[in-house]
Amino acid sequence: MAQQAMGGLAPWENALLGITVVMTALISIWFATSIVGTYFAKAEKSPKGKTSPGKTEAAAQAPAASAAPAAAADEIPLVAIIAAASYVLGAQVRNVIVHAPGKESVSWTSQGRQSIYASHAAKAPKPVGSIGTLRKS
């Protein structure tokens, strides 16, 4: 009562004020991220004739499929990896190509999975004898 007489807020009013401030901050963050997401979604759907600010004219003029026709679309070209490594290290990088076996010759992976799954299989329960056969530890 003394706080109310002096103009202070009751404890439940302080709690309500705190929750209001927190919820207002969270809603404003949510609103800002949705605006940014909408902007990027519209930028992604824009016509491909326009170049975005990050692209150079040389990259816009280069044909898309000229890098490696045999490479899959989701693979990073080896040239880009070597250039990035050279830039990060600040020195010449030696190019070493390692060929991994194709998917048709990976029977060892399926054998490994089978052995792992077999080790995790549920074991048959052991029969329990009578209570009189239990030993105290």
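Here, residues in each chain are numbered from 1, in the same order as that chain's written sequence. For a predicted model such as this one, the threshold for reporting local features is a pLDDT of at least 70, and the threshold for listing and counting side-chain atom pairs is 80 or more; totals across whole chains, interfaces and linings nevertheless cover every residue. Excluded from the side-chain calculations are hydrogens and water; all other atoms, namely the structure's heavy atoms, are used.

Engineer: Would you mind showing me how to read the overall build of the protein chain here?
Structural biologist: Each helix and strand counted, the protein chain has 5 helices and 0 strands in total. Starting at the N terminus, helices and strands are each numbered in turn, a helix being any DSSP run of H or I of at least four residues and a strand any DSSP run of E of at least two. Starting at the N terminus, the α and β elements of the protein chain follow one another as α-α-α-α-α. To sort residues, take the accessible area from a 1.4 Å probe on protein chains only and compare it with the maximum for the residue type: under 20% means buried, over 50% means exposed, and anything in between is partly exposed. Residues classed as buried in the protein chain amount to 1% of the 137 residues present. Using a 1.4 Å probe, the Shrake-Rupley method yields the accessible areas, and only the shown protein chains count as cover for residues. Accessible area of the protein chain: about 13300 Å², with a carbon and sulfur share of 66%.

Engineer: Help me understand a nonpolar patch on the surface, please; the structure alone is not making it clear to me.
Structural biologist: Judged by side-chain polarity, Ile19, Val22, Met23, Leu26, Ile27, Trp30, Phe31 and Ile35 come together as a nonpolar surface patch covering roughly 850 Å² of accessible area. With respect to the helices and strands, isoleucine 27 occurs in helix H2 (residues 11-44). Patch members must show over 30% relative accessible area and no salt bridge, and they are joined within 9 Å when carrying like charges or within 5 Å when they are nonpolar side chains of Val, Leu, Ile, Met, Phe, Trp or Tyr. When a carboxyl oxygen of Asp or Glu is within 4 Å of a side-chain nitrogen of Lys or Arg, the pair counts as a salt bridge.

Engineer: Hey, could you run me through the packing of aromatic side chains in this one?
Structural biologist: When we look at a pair of aromatic rings, we describe it by the centre distance and by the angle of the planes. For Phe, Tyr and Trp, rings pair up if their centres lie within 6.5 Å, where Trp contributes its six-membered ring, and each pair is then called stacked (planes under 30 degrees apart), edge-to-face (over 60) or tilted (otherwise). Applying the stated criterion across every chain, the model contains 1 aromatic pair. Seen in terms of ring centroids, tyrosine 39 and phenylalanine 40 are 5.4 Å apart; in terms of plane orientation they differ by 65 degrees. Their pairing is edge-to-face. With respect to class, tyrosine 39 is no different from phenylalanine 40; both count as exposed.

Engineer: Explanation requested: the confidence of the model for the protein chain in the structure shown.
Structural biologist: Atomic detail in the predicted coordinates should be set aside for any region of low pLDDT. Counting all residues, the mean pLDDT for the protein chain is 73, and 58% of those residues have values of 70 or more. Confidence drops under a pLDDT of 50 for residues 55-60, and excluding neighbours within four residues, the segment shows 1 contact in the predicted structure. Values of pLDDT, ranging from 0 to 100, describe the predictor's confidence in every residue of the model. Whether two residues are in contact is decided by their heavy atoms: any pair within 4.5 Å suffices. A low-confidence stretch, residues 62-68 stays under pLDDT 50, and its non-local contacts, those more than four residues away or across chains, total 0 contacts.

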